[in-house]
Amino acid sequence: MKHDRKRSENTIDKGFKGILCPTREQAERIEKTFGCCRYVFNSFLDERIREYRERGKTLTYTEQCAMLPLLKKDPKTSWLGEVDSTALQSSVRALQDSYDAFFRGQTGFPKFKSKHSHRQSFRSTNNHGSIRLVDRKHIRLPKLGEVQCRFPMEVQGKILSAVVTKEPDGKYGISLNCEVPRPPEPEKTGKAVGIDLGIRTLAVTSDGKEYDNPKTYEKNLRKLRRTQRKLSRKTRGGRNWEKQRKKVAKVHQKIRNQRTDAIHKMTHELVYAYDLICIEDLDVREMSKGKLARGITDASFGEIRRRLAYKTEWTGKRLIVTERWYPSSQVCSGCGYVNKDAKDLKIRRWRCPQCGQEHDRDLNAAKNILREGLKTAG
Ligand SMILES: [Zn+2]
């Protein structure tokens, strides 16, 4: 597990995502594991709340882990013994992590997990080969045996853990966290870049390169709106509603996959072309264009930032996330004049009233982000 393992300088953790095609019995066992993990999370959360209320102390991860074997011996909860014990342990860890995040002020107080959540998951830890690929199409998982699987990318390195998920469209996925040798660092280019993350395009760089959204993105977005409209006309919870909900989830998944591919290619290219990459903090963005598109762009902003963060780390490059204390798209990158008229998102081009420079909205913003980033970088 990432918390207990000593990190080596010569290796990095890499994720490999694939799909799982369990048999009916295996799928039942997976569902049972979701249930058991949720039970552990919820009952331990409940216990922590009670302990705090009655004795004013918070139970620790270690104390609660020690409870697991006792629960398995108790006839009332002996069914916990039927699923992978490392998955249960991960649930206790997840509870600890949400407490830690809460105490750091990053999130609200931990919430109980719902059985009705459309995305379920559990994490298994590899204990001396308990998780291993049998061949290209089969993976051995604790208490599940050999499960049929498919990985678009060849899995490399030492498997540390596996997360099994059930997506909102009802399909099972698996994500392996592997330890792989650190790739040789790419040559330094001595170049820095600012990146404006957008709605119209995926991103625009301060060098004027545009990264477009995937080709069928708009089309799928329209399809998503259509399927969602149909969903809203059905009775919530009914059989037709459930059918339509899966359709919506499927389109969502498709859009997500397309964006992920495009983001992967873009971030890869950027870390090789530049030594210093500057982006803006995403939380405070002024933007609109419907809730739907916004939800998706917000998600991909997070994805771009996450990927840039680990890719710059792998390659010995640097990522600067600038705080957005000034509106980068309204400031003239030539002379610093603030043009309030450019606030309107519909304005794609504008001329600076002070110095007369002609600006493309996104390119201008990217240049400002670069300048701010360089200031932070020192
Ligand atoms: Zn100007």
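None of these values were measured; they are calculated from a predicted model.

### Some thoughts on the overall build of the protein chain
A tally of helices and strands in the protein chain yields eight helices and 14 strands. Viewed in the frame of its principal axes, the protein chain has a C-alpha envelope of about 80 × 55 × 50 Å. The buried share among the 378 residues of the protein chain stands at 28%. Sequence-distant contacts, at least 24 apart, represent 65% of the contacts inside the protein chain between residues at least 6 apart.

### Section: the sheet that holds strand β4 (residues 138-141)
Pairing in this open sheet of seven strands is antiparallel, and the strands run β2-β6-β7-β1-β5-β4-β3 from one edge to the other. Looking along the sheet, the strands with just one partner apiece sit at the ends: β2 (120-125) and β3 (132-135). The mean angle between the axes of side-by-side strands here comes to 35°, regardless of whether they run parallel or antiparallel. Here strand β6 (residues 158-166) runs beside strand β7 (residues 172-181); their pairing, made up of eight bridges, is antiparallel. By the bridge assignment for β7, Ser 161 is matched with Asn 177. Against the sheet, helix α1 (residues 24-55) touches β2, β5 (145-150), β6 and β7, its axis set at about 90° to β2.

### Brief notes about the packing of α1 against helix α4 (residues 85-103)
Working note: a packed helix pair is described by the angle between its axes plus the distance between those axes. Here α1 crosses α4 at 40°, and the two axes come no closer than 9 Å. As far as their axial angle goes, α4 and α1 are oblique. Here α1 and α4 pass one another in a crossing that is right-handed. Every residue of α4 that contacts α1 at Thr 33, Cys 36, Cys 37, Val 40, Phe 41, Phe 44 and Leu 45 is listed here: Ala 87, Leu 88, Ser 91, Val 92, Ala 94 and Leu 95. The residue makeup of the contact of α1 with α4, split by class, is 11 nonpolar, two polar and no charged.

### Points about helix α6 (residues 239-273)
For α6, with 35 residues, the first-to-last C-alpha span of 51 Å sits near the 51 Å given by 1.5 Å per residue. Turning to α6, its buried residues number three or more, namely Arg 245, Val 248, His 252, Ile 255, Arg 259, Ala 262, Ile 263, Met 266, Thr 267, Leu 270 and Val 271.

### Quick notes on the pairing of β6
Within a regular beta strand, the side chains point alternately toward one face of the sheet and then the other, so they alternate between its two faces. Looking at chain direction, β2 and β6 are connected through six bridges and run antiparallel. Counterpart to Gln 120 in the pairing with β6 is Lys 166. Once β6 ends, the chain turns through five residues before running back antiparallel as β7, passing Gly 170 with a positive phi of about 90°.

### Overview of the domain arrangement of the protein chain
Domain boundaries assigned for the protein chain yield domain 1 (11-181) and domain 2 (185-378). Across the boundary between the two partners, domain 1 contributes five residues, which contact five residues of domain 2. Split by residue class, the side of domain 1 that touches domain 2 holds two nonpolar, one polar and two charged.

### Structural notes on the pairing of strand β8 (residues 192-197)
For β8, the buried fraction is high: five of the six residues fall into the buried class. Looking at chain direction, β8 and strand β11 (residues 276-280) are connected through three bridges and run parallel. Looking at the pairing, Ala 192 lines up with Leu 276 of β11. Joining the antiparallel neighbours β8 and strand β9 (residues 203-205) is a turn of five residues.

### Focus: the confidence of the model for the protein chain
The share of residues in the protein chain with pLDDT of 70 or more is 93%, and the mean pLDDT across the chain is 89. When the criterion is pLDDT under 50, residues 284-289 qualifies, and its contacts beyond four places in sequence or with other chains add up to nine contacts.

### With respect to unusual backbone geometry
Phi is positive for His 128, which is not a glycine, with a value near 50°. Within the secondary structure layout, His 128 lies in the loop between β2 and β3. Given 6 C-beta atoms within 10 Å, His 128 falls into the exposed group. Of note in this structure, Lys 143 is not a glycine but carries a positive phi near 65°. Relative to the helices and strands, Lys 143 is located in the loop between β4 and β5.

### Examining the sheet that holds β9
The pairing of strands in a sheet comes from backbone hydrogen bonds and takes either a parallel or an antiparallel form. The five strands are arranged β10-β9-β8-β11-β12 in an open sheet whose pairing can be described as mixed. This sheet does not close on itself; its edge strands, each paired only once, are β10 (210-211) and β12 (318-322). Contacts from helix α8 (residues 361-377) reach β8, β9, β11 and β12 within the one sheet, and its direction differs from that of β8 by about 130°.

Cut-offs used in this document
Residues numbered from 1 in each chain as written. Predicted model: local features only at pLDDT ≥ 70, side-chain atom pairs only at ≥ 80, totals over all residues. Helix = DSSP H or I, 4+ residues; strand = E, 2+ residues; numbered from the N terminus. Buried ≥ 20, exposed ≤ 12 C-beta atoms within 10 Å, placed from the backbone. Contact = placed C-beta atoms within 7 Å. Pairing = 2+ DSSP bridges. Axes fitted to C-alpha atoms, helices over the stretch in contact; angles between N-to-C directions. Parallel < 35°, antiparallel > 145°, perpendicular 65-115°, else oblique. Left-handed = near helix turned anticlockwise from the far one by under 90°. Nonpolar A, V, L, I, M, F, W, Y, C, P; charged D, E, K, R; others polar. Expected span 1.5 Å × (residues − 1). Domains from an automatic or database assignment. pLDDT = per-residue confidence, 0-100.

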